[in-house]
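# Coordinates in review
These are the residues of each chain, in order.
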Amino acid sequence: MNKLSHTDITDDVFLIKLIRTGNKDAFKYLFDLFFVPLCRFIRIYVGDKQIAEEIALDIFVNVWEKRETLDIKLSWKSYLFQSAKNRSLNYIRDNERFINVSDWSFHDKAINDHTVELKELELLIREAICSLPDRVQEIFKKSRIDYLTNKEIAKELNTSVKNVEAHITKALKLIKEYLGDTYTYLW
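Here's what I pulled together on the structure shown here. (Residues numbered from 1 in each chain as written. Predicted model: local features only at pLDDT ≥ 70, side-chain atom pairs only at ≥ 80, totals over all residues. Heavy atoms only, no water.)

Tallying each qualifying case throughout the model produces nine aromatic pairs. Ring geometry for Phe34 against Phe81: centres 6.4 Å apart, planes inclined by 80°, an arrangement best described as edge-to-face. Pair noted here: Phe34 is in helix H2 (residues 24–46) and Phe81 is in helix H4 (residues 76–95), with a separation of 47 residues, a long-range link. With respect to burial, Phe34 and Phe81 carry one shared label: buried. Taking the centre distance of 5.2 Å and the plane angle of 75° together, the rings of Phe41 and Phe81 count as edge-to-face. Of this pair, Phe41 sits in helix H2 while Phe81 sits in helix H4, and the two are 40 residues apart along the sequence. Residue Phe41 is classed as partly exposed on the basis of its relative accessible area, which comes to 23%. Put simply, the rings of Phe27, Phe31, Phe35, Phe60 and Trp64 touch in pairs and so form one group of aromatic residues. (Phe/Tyr/Trp six-rings, centres within 6.5 Å; stacked < 30°, edge-to-face > 60°. Helix = DSSP H or I, 4+ residues; strand = E, 2+ residues; numbered from the N terminus. Buried < 20%, exposed > 50% of the residue type's maximum accessible area, 1.4 Å probe, protein only.)

The following block contains the structure:
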């Protein structure tokens, strides 16, 4: 069997169809794409890396076992992260029987962990933007930081809207490459 390329299975509808038919390469692609981000997300809730990994693995086992009847309405990303949230809350319910309402340490820890990861991601995105070629960086900043429309940017820089769109597309591609596979769940 030929290996599937990344471009072959980036479309969620196509990926759903492949997995429903039992395509193991498509399932492996889904697993490789979302396992680490799901573990990070679940860990915010449960606070334990091993438990987070077990819950994430359980989600993927469930996807494989019920692949023929899964009803995915939006995207794999939304389906998997909603499953992760639900299973995390179930885990907390089933394993943290008596939580004092005045003890918000779990909540504070989850917020702090989330804040640290967001700060790390923000720093990485800033680095990625700074690594862009000058013109691409300038147009990207006008779009995403100054919130100018493509038409406004084109007028201000005396260029075409198509040129602005091309620069923004290039910026997003380069930022995605800079961030690597760790943050693929953002795209």
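Having seen it, we continue.
On inspection of all chains with the given rule, the structure shows six salt bridges. Among the ionic pairs, Glu156 bridges to Lys142, the shortest N-O distance being 2.5 Å. With Glu156 in helix H7 (residues 150–157) and Lys142 in helix H6 (residues 134–144), the pair connects residues that are 14 residues apart, well separated along the chain. On the accessibility criterion, Lys142 (13% relative accessible area) is buried. (Salt bridge = Lys/Arg side-chain N within 4 Å of Asp/Glu carboxyl O.)

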